[in-house]
Amino acid sequence: MKPVQHITVLGATGSIGTSTLDVLRRHPQQFSVFALSAATQVDALLAQCLEFAPRYAVMSSAAHAQQLAQRLREHSSPTQVLQEADALEQIAAHPEVDTVMGAIVGAAGLAPCLAAARAGKRLLLANKEALVVGGALFMQAVQDNGCTLIPIDSEHSAIFQCLPEDASTWGQRLHSVILTASGGPFRQRDPHTLAQVTVAEACKHPNFSMGRKISVDSATMMNKALEVIEARWLFHLQPEQIRVVIHPEQIIHSMVQMRDSSVLAQLGTPDMRVPIACGLSWPERIASGVAPLDFTQLAGLSFEEADAQRFPGLHLSWQALRAPEGTTAILNAANEIAVAAFLEERLRFDRIHAVNLATLEQLIPDEKPASVPALMALDAQARQVAQTMVQRWSL
Ligand code: NDP
Ligand code: MG
């Protein structure tokens, strides 16, 4: 029998985190939860700690950590709450951990995911922003430390599954990748009405229930823009080797086109537990809890081009990838600020793109950010510029 894999789930209380625990729950002989983290949801993390009895739990603030520790004591739980500033890095890099699920949202996930990479862990990466912010640095750490990096984002999992297992052959065989996109809730909406979009409308994804930030990113298609950048790093591609096509049914999760024009696709029920189970067990396979596709029930598969007027943000990814290194970190930071302002009803939906564009125009990295502190400084600078843009257009 295989040894039990010890897992840390970063961002355990989110959409990907809870789906991960759902898959783990089905395989208690194979996996043991070593540590869990959350930002502010004490009740949700408490319930997970009581069920999975991890050795450690981490929360983002001292106040939340103290609350959790108190509640765990009341339940006589063995779980210890770590409160050091680098607690997330500690649970990602701990010598007893085999696998880390990186499911924090935003640039906040970079440092702990990088710690897992540097410790040579098996890293299941959902946190696409970590690669958008720190791509070059991140991939170098993966390579230098023998980290096994497995994409969880469904498109990248699809591409990963379609490619040969030996990554050293990808360059010779691969022509391009085609990322599929659902088109989100506004695929058919009149672009002239995008100024009136409400938070509830933007967060209502047609096929998936996801965190609020990625839901808004799907509605603007900035999610796909971030995924273009993510694909560039994961699969060592040139920007022109990455294409996007809208596929509203979300049955094909992405495709790779080989040099001979053969196209390989990965299909499945749109449920994140499939790429999560794939990542957990790769190269073997385990049950995900998801019903398989029933092809006789599929009405059809359709494809269309993304409309640049409706989704102006999509093209910023190629633009940022061709600009000096660090530009993608600026784009990511601006987008995090703009989306947060939209979710707080301080910014109109169509101004998210305006903030992103204006921040990119105002800030050009003068030198290559070669360390996490340098990246975080650039990130902070971009957030500041984006905040002034938000204020300019504030509701
Ligand atoms: P959620 O918002 O649902 O969950 C985010 C998790 O991270 C929560 O556990 C949250 O804690 C924690 N968190 C939030 N902010 C911080 C912070 N500053 N520091 C530490 N922890 C934090 O997000 P999703 O699960 O939807 O997405 C997670 C990542 O996976 C994102 O990068 C997203 O792009 C990617 N992804 C998501 C998909 C999906 O279907 N949801 C699909 C593909 C990729 P708390 O609950 O306490 O706030
Ligand atoms: Mg995706």
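Now for a quick tour of the structure. (Residues numbered from 1 in each chain as written. Chains lettered and ligands numbered in written order. Predicted model: local features only at pLDDT ≥ 70, side-chain atom pairs only at ≥ 80, totals over all residues. Heavy atoms only, no water.)

## Focus: the site of ligand 1
By nearness alone, 24 residues border ligand 1, and Thr13, Ile16, Thr40, Gln41 and Glu129 come closest of all. In this structure, an oxygen atom belonging to ligand 1 sits 2.9 Å away from a main-chain N or O atom of Ala39. Take Thr40: an N or O atom from its main chain is 2.7 Å from an oxygen atom of ligand 1. Isolated, ligand 1 exposes 900 Å² of accessible area, and the fraction of that covered by the protein chains is 85%. Its residues placed into classes, the shell around ligand 1 shows 12 nonpolar, nine polar and three charged. (Near = heavy atom within 4 Å. Polar contact = N/O pair within 3.5 Å; in protein donor to acceptor, adjacent residues only side chain to side chain. Areas by Shrake-Rupley, 256 points an atom, 1.4 Å probe, with all protein chains shown as cover. Nonpolar A, V, L, I, M, F, W, Y, C, P; charged D, E, K, R; others polar.)

## Quick word on the pairing of strand 5 (residues 99-102)
A regular strand carries its side chains on alternate faces of the sheet. Of the two faces of strand 5, the one carrying Thr99 and Met101 and the one carrying Val100 and Gly102 are both buried. The pairing of strand 1 (residues 5-10) with strand 5 spans four bridges and is classified as parallel. Note that in strand 5 the partner of Val9 across the bridge is Met101. In terms of strand pairing, strand 5 meets strand 6 (residues 122-125) through four bridges, oriented parallel. The partner of Gly102 across the bridge, within strand 6, is Leu125. Running through helix 5 (residues 110-118), the crossover from strand 5 to the neighbouring parallel element strand 6 is right-handed. (Buried < 20%, exposed > 50% of the residue type's maximum accessible area, 1.4 Å probe, protein only. Helix = DSSP H or I, 4+ residues; strand = E, 2+ residues; numbered from the N terminus. Pairing = 2+ DSSP bridges. Right-handed = clockwise from strand over helix to strand, strands pointing away.)

## Quick look at the pattern of salt bridges
Tallied over the full model, the rule gives 23 salt bridges. Linking Lys213 and Glu129 is a salt bridge whose minimum nitrogen-to-oxygen distance equals 3.0 Å. In this pair, Lys213 sits in helix 10 (residues 212-220) while Glu129 sits in helix 6 (residues 128-144), placing the two residues 84 residues apart along the sequence. When sorted by exposure, Lys213 lands in the same class as Glu129, which is buried. The structure contains a network of salt bridges with shared partners spanning Asp22, Arg25, Arg26, Glu51, Asp271 and Arg273. (Salt bridge = Lys/Arg side-chain N within 4 Å of Asp/Glu carboxyl O.)

## A word on a nonpolar patch on the surface
A surface patch of nonpolar side chains, about 370 Å² in accessible area, is lined by Leu267, Phe295, Leu301 and Phe303. Topologically, Leu267 is positioned in strand 11 (residues 263-267). What makes Leu267 partly exposed here is its relative accessible area of 34%. (Patch = residues over 30% accessible without salt bridge, like charges linked within 9 Å, V, L, I, M, F, W, Y side chains within 5 Å.)

## Details of the packing of helix 15 (residues 351-362) against helix 16 (residues 372-392)
Helix-helix packing is described using two parameters, namely the angle between the two axes and the distance between the axes. At a closest axis distance of 9 Å, the pairing of helix 15 and helix 16 adopts a crossing angle of 130°. Judged by the inter-axis angle, helix 15 sits oblique to helix 16. Between helix 15 and helix 16 lies a crossing whose hand is right-handed. In this structure, helix 15 uses Val355, Ala358, Thr359 and Gln362 to contact helix 16, whose residues at the interface are Ala382, Val385, Ala386, Met389 and Val390. Grouping the constituent residues of the contact of helix 15 with helix 16 by class yields seven nonpolar, two polar and no charged. (Axes fitted to C-alpha atoms, helices over the stretch in contact; angles between N-to-C directions. Parallel < 35°, antiparallel > 145°, perpendicular 65-115°, else oblique. Left-handed = near helix turned anticlockwise from the far one by under 90°. Contact = heavy atoms within 4.5 Å.)

## Some words on the packing of aromatic side chains
According to the stated counting rule, one finds five aromatic pairs in the structure shown. Between Phe186 and Phe349 the ring centres are 5.3 Å apart and the planes differ by 85°, which places this aromatic pair in the edge-to-face class. Of the two residues, Phe186 is situated in the loop between strand 8 (174-181) and helix 9 (199-202) and Phe349 in the loop between helix 14 (327-343) and helix 15; the sequence distance between them amounts to 163 residues. Here Phe186 and Phe349 have matching classes, each one buried. Aromatic side chains Phe342 and Phe349 sit 5.5 Å apart centroid to centroid with 70° between the ring planes, which places their arrangement in the edge-to-face category. You'll find Phe342 and Phe349 in the same group, each marked buried. (Phe/Tyr/Trp six-rings, centres within 6.5 Å; stacked < 30°, edge-to-face > 60°.)

## Let's talk about helix 3 (residues 62-74)
Counted at 1.5 Å a residue, the expected span for helix 3 with its 13 residues is 18 Å, and the 18 Å between its end C-alpha atoms agrees. In this fold, the buried residues of helix 3 make contact with helix 2 (42-52), strand 3 (56-59) and strand 4 (80-82). Just past helix 3, the residue Ser76 takes up positive phi, approximately 50°. (Expected span 1.5 Å × (residues − 1).)

## Looking at the packing of helix 10 against helix 11 (residues 222-234)
Running from N to C, helix 10 and helix 11 cross one another at 95°; their axes reach a closest spacing of 5 Å. Relative to helix 11, helix 10 is oriented roughly perpendicular. Taken together, the residues of helix 11 that come into contact with helix 10 (itself represented by Lys213, Ile214, Asp217, Ser218 and Thr220) are Met222, Asn223 and Leu226. The residue makeup of the contact of helix 10 with helix 11, split by class, is three nonpolar, three polar and two charged.

## Comments concerning the side chain of Ser288
Looking at the element boundaries, Ser288 is found in the loop between helix 12 (273-281) and helix 13 (316-322). Within polar-contact distance, the side chain of Ser288 engages the backbone nitrogen of Val290 at 3.2 Å. With sequence-adjacent residues up to four places away left out, Ser288 is seen in contact with Val23, Arg26, Arg273, Val274 and Ala277.

## Looking at the coordination of the magnesium ion (ligand 2)
Surrounding the magnesium ion (ligand 2) are the protein donor atoms Asp153 (OD), Glu155 (OE) and Glu227 (OE), at 2.1 to 2.2 Å. Here the donor residues of the magnesium ion (ligand 2) share one chain and are spaced in sequence as D-x1-E-x71-E. One end of the pair, Asp153, is in the loop between strand 7 (148-151) and helix 7 (154-162); the other, Glu227, is in helix 11, with 74 residues separating them in the sequence. Taken individually, Asp153 and Glu227 each receive the classification buried, so the pair is uniform in this respect. (Donors = N, O, S within 2.8 Å, 3.2 Å for Na, K, Ca; no water.)

## Remarks on the sheet that holds strand 5
Pairing is parallel across the open sheet formed by seven strands, whose spatial order is 4-3-2-1-5-6-7. The sheet is open, and its two borders are formed by strand 4 and strand 7, each paired with just one other strand. Pairwise comparison of adjacent strand axes, ignoring direction, gives a mean angle of 20° for this sheet. Pairing of strand 6 with strand 7 involves four bridges; the strand directions are parallel. Pairing of Arg122 across the sheet is with Thr148, part of strand 7.

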